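Coordinates in review
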Amino acid sequence: MTSFVIPLGEVGATAQAATGITAYAWLLVALPLFGAAVLLLGGRRTNSWGPLFATLMSWSAFLVGAGILVNLLGYAGEERSRSLHLFSWIPAGQFQVDAGMLLDPLSVSFVLLVTFVGSLIHVYSLGYMEHDPDKRRFFAYLNLFVAAMLLLVTANSYLLVYVGWEGVGLASYLLIGFWNWNPPYASAANKAFVANRVGDLGMSIAIMLMFWQFGKTDFASVNAAVGGASQGALTAIGLFLLLAACGKSAQFPLQSWLGDAMAGPTPVSALIHAATMVTAGVYLVVRSHAIFDAAPTAQLAVVIVGAITLLFGAIVGCAKDDIKKALAASTMSQIGYMMLAAGLGPAGYVFAIFHLLTHGFFKAGMFLGAGSVMHGMNDKVDMRGFGNLSGAMKVTWATFGLGWLAILGVPPFSGFWSKDKIIEAAFIGEGWRPWVFGLVTMLGAAITAFYMSRLFFMTFHGEKRWPKDAHPHESPSLMTVPMVILAFGSAFLGLFLALGDRFATWLEPVVGGGHGAEHHPVLPIPVITFGTLALVILGAGYAWLRYWRDQVPKTAPAGSLLTRAARQDLYQDQVNEGLLMRPGLHLTRSLVYADQKGVDGAVGGLAALIGGTSARVRKIQNGLARSYALTMLLGVVVVLGAVWVMQ
């Protein structure tokens, strides 16, 4: 196995002014945003050509990104950073915020992933959404999402990242709830929106703390000021950034929305929940590496969250019969690997992004493969009603199979070069940490091999379990060609990036290197490698016995207690309801009661007192002279009595 060996040096050099094609980097956001505006404002007049126009805008953004990559490759590693000033955004006294773009190896890597995979998904959607009457609106939302995601990863400040962050949240809400005439789908969109708002609160508080501590929110100023900040402030900022990442990347404890988000059209699942949006949290942590490196407590929290989530998602994936929800659980687990790696510091930053890129290809390919299966099986998603589809859907089977081998980490496919390096990095350190986190990553690899093999075998192998009215068939070329291209990346992208430490060298100027000579795993690398492969073989072999060789029941058996819990997502909704929703509901009712009986009661009581008193006092004004004379006489008596008493 190739080992990335990079000396840790000066990281994050000051960005130079953009020149050449990098001066036109604003087109990355402007092109898909223009496409979304044309389709949304053009209305039905764009129905015939709108989807093609949106696809063209996405591919145009990819060409701009590719040009920027070529431009940066022409410079030495430490000079591969360009800053593009757009305009003065917030001129408020001493607080000045400029809108700008940061083009460095980290942001450009995301740009190419978002635009290339996103554009392939646009092409796939031309076939998948061909007969949908609202496909123009769907493609407008796709363009809007791509624009927001590109703004997020190219912004030069946390405040501008927040704009893209919220834009991505809005676009995902619109796409997940695209078929909102179906109440469960609308509910799923609302659930994703609310869960992400919790994470967004963490992002906003982190930005406020940065302004309070540093007076600035741009990356360059924050990174430069980290050394003089207090440990408590850095820890707080890091923890709130982690909360934001948990919401966007469906990490524990904000992971409950991801499975329900499969309600959206399958291309949405591939774009948002495999290649782009759910990886935004990993980007945020890696981009904030200066803060986390200076806050060990927050950094450890990142590792713990990643470790919990990778096992959580893997266990849930073992019990899902819905093909898309099984893949969603897998996404949660794989991002847990990335988050764990990002929390390992310089030993893991490179591998977190490396696995993010390879995962974007093989998971997007498998989601599109799931959509192809649904296309050929009358939109059915229950794998217990599939079986032996390999003969009827050869291209889908082959492309999905390459993604399956990649996610298992079978050499020489892409996952072997990225996920296994995370496992190796997890064994680096002192004390209990490398043993705990290293063994967690290996256990996760074994469970991943089981549930992904279960999914693959239940769908494409074993005996036929189709209903009589099913006539499985291969998808049209508009859908299969993107799947073939993604499968090619599943097979070879990891090897291409690993050869000569190519990707590690590319990313080194931004985040530092992987484990160098001074970083050695507590176990020999061959032991880790072959031990992981042995666990993968055991997991896949057990799935072969259960779901290929043996007969698969068409209805799920009751199963063990753990199986029943996994089918209900380990009761994450029940926990959220018990810890958050119900107490919040009771708190709200208590506040309403206090408002009605306390505040409103006091105000109403005072008003009633004044009104009652007035009603009684005004009876004195009755218009009778003898009553007034008697009142005056009583007054005189009272005054004289008071004078007599005082004497």
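Here the structure is a predicted model, which means the values were calculated and not measured. (Residues numbered from 1 in each chain as written. Predicted model: local features only at pLDDT ≥ 70, side-chain atom pairs only at ≥ 80, totals over all residues. Heavy atoms only, no water.)

**A word on the overall build of the chain**
Summing up its helical and strand segments, the chain has 24 helices and three strands in all. Projected onto the principal axes, the alpha-carbon positions of the chain cover approximately 115 × 65 × 60 Å. Roughly 26,600 Å² of accessible area belongs to the chain as shown, and the carbon and sulfur atoms make up 68% of that amount. In the chain, which carries 39 positive and 32 negative side-chain charges, the distance between the mean positions of the two groups comes to 12 Å. (Helix = DSSP H or I, 4+ residues; strand = E, 2+ residues; numbered from the N terminus. Areas by Shrake-Rupley, 256 points an atom, 1.4 Å probe, with all protein chains shown as cover. Lys, Arg positive; Asp, Glu negative; His and termini not counted. Charge placed at Lys NZ, Arg CZ, Asp CG, Glu CD.)

**Here we look at the packing of aromatic side chains**
Taken as a whole and judged by the stated rule, the model has 28 aromatic pairs. Each residue in the set Phe 138, Phe 139, Tyr 141, Phe 178, Trp 179 and Tyr 185 is aromatic and connected to the rest through ring pairs, giving one cluster. One cation-aromatic arrangement involves Arg 287 over Phe 219; the distance from NZ or CZ to the ring centre is 5.4 Å. Positioned over the ring face of Phe 496 is Arg 502, at 4.4 Å from the centre of the ring. (Phe/Tyr/Trp six-rings, centres within 6.5 Å; stacked < 30°, edge-to-face > 60°. Lys NZ or Arg CZ within 6 Å of the ring centre and 35° of its normal.)

**Let's talk about the confidence of the model for the chain**
With 96% of its residues at a pLDDT of at least 70, the chain reaches an overall mean of 89. Every residue in residues 1-13 scores below 50 in pLDDT, and together they form 50 contacts with partners more than four places removed in sequence or on other chains. (pLDDT = per-residue confidence, 0-100. Contact = heavy atoms within 4.5 Å.)

**Remarks on the pairing of strand S3 (residues 95-103)**
Most of S3 is tucked away, with seven of its nine residues classed as buried. A loop of two residues connects strand S2 (residues 82-92) with S3, the two strands running antiparallel in sequence, and Gly 93 in this loop sits at a positive phi of about 65°. (Buried < 20%, exposed > 50% of the residue type's maximum accessible area, 1.4 Å probe, protein only. Pairing = 2+ DSSP bridges.)

**Quick notes on the sheet that holds strand S1 (residues 16-17)**
Backbone-to-backbone hydrogen bonds join strands into a sheet, with any given pair of strands oriented parallel or antiparallel. As summarised here, the arrangement of the three strands in space is S1-S2-S3, forming an open sheet in which the pairing is mixed. The strands lining the two open edges of the sheet, one partner per strand, are S1 and S3.

**Thoughts on the nonpolar core**
Membership of the largest hydrophobic core comes to 200 residues, with the highest contact counts inside it found for Phe 145, Tyr 158, Leu 241, Trp 257, Val 282, Ile 353 and Phe 503. Here this core gets 17 residues from one element, more than from any other, and that element is helix H15 (residues 349-376). Those residues within four positions of Tyr 158 in sequence are excluded, and the remaining contacts are Met 203, Ile 207, Met 210, Thr 217, Phe 219, Val 222, Leu 241, Leu 284, Arg 287, Ser 288 and Ile 291. (Core = buried A, V, L, I, M, F, W, Y, C linked by side-chain atoms within 4.5 Å.)

**Comments concerning the side chain of Asp 200**
Note that Asp 200 resides in helix H6 (residues 183-214). Apart from residues lying up to four places away in sequence, Asp 200 is in contact with Tyr 162, Trp 165, Glu 166 and Lys 248.

**Comments concerning helix H4 (residues 135-154)**
The terminal C-alpha atoms of H4 lie 29 Å apart, and with 20 residues this matches the ideal 28 Å at 1.5 Å per residue to within 8%. Taking burial as the measure, the 20 residues of H4 include 16 buried ones, the bulk of the element. (Expected span 1.5 Å × (residues − 1).)

**With respect to a nonpolar patch on the surface**
A contiguous nonpolar patch, built from Leu 561, Tyr 571, Val 575, Leu 579 and Leu 580 and spanning about 520 Å² of accessible area, is present on the exposed surface. With respect to the helices, strands and loops of the structure, Leu 579 is situated in helix H23 (residues 572-617). (Patch = residues over 30% accessible without salt bridge, like charges linked within 9 Å, V, L, I, M, F, W, Y side chains within 5 Å. Salt bridge = Lys/Arg side-chain N within 4 Å of Asp/Glu carboxyl O.)

**Describing the pattern of salt bridges**
What the rule picks out here adds up to 12 salt bridges. Among the salt bridges present, the one from Glu 166 reaches Arg 197, with a minimum N-O distance of 3.4 Å. Placement of the pair is Glu 166 in helix H5 (residues 158-176) and Arg 197 in helix H6, with a sequence separation of 31 residues. Between Arg 197 and Asp 200 there is a salt bridge whose closest N-O contact spans 2.2 Å. With Arg 197 and Asp 200 both in helix H6 and three residues apart, the pair spans about one turn of that helix. According to the relative accessible area criterion, Arg 197 is partly exposed, its value standing at 23%. Bridged by salt links that share partners, the residues Glu 166, Arg 197, Asp 200 and Lys 248 form one connected network.

**Points about the packing of H15 against helix H19 (residues 477-498)**
Axis separation between H15 and H19 bottoms out at 9 Å; the angle between their running directions is 155°. Taken together, the axes of H15 and H19 are roughly antiparallel relative to one another. The interaxial crossing formed by H15 with H19 has left-handed handedness. Side by side, H15 and H19 meet where Phe 354, Leu 357, Thr 358, Phe 361, Phe 362, Ala 364, Gly 365, Leu 368, Gly 369, Gly 371, Ser 372 and His 375 of the first sit next to Met 479, Pro 482, Met 483, Leu 486, Gly 489, Ser 490, Leu 493, Gly 494, Leu 497 and Ala 498 of the second. Classifying every residue of the contact of H15 with H19 by side-chain character gives 13 nonpolar, nine polar and no charged. (Axes fitted to C-alpha atoms, helices over the stretch in contact; angles between N-to-C directions. Parallel < 35°, antiparallel > 145°, perpendicular 65-115°, else oblique. Left-handed = near helix turned anticlockwise from the far one by under 90°. Nonpolar A, V, L, I, M, F, W, Y, C, P; charged D, E, K, R; others polar.)

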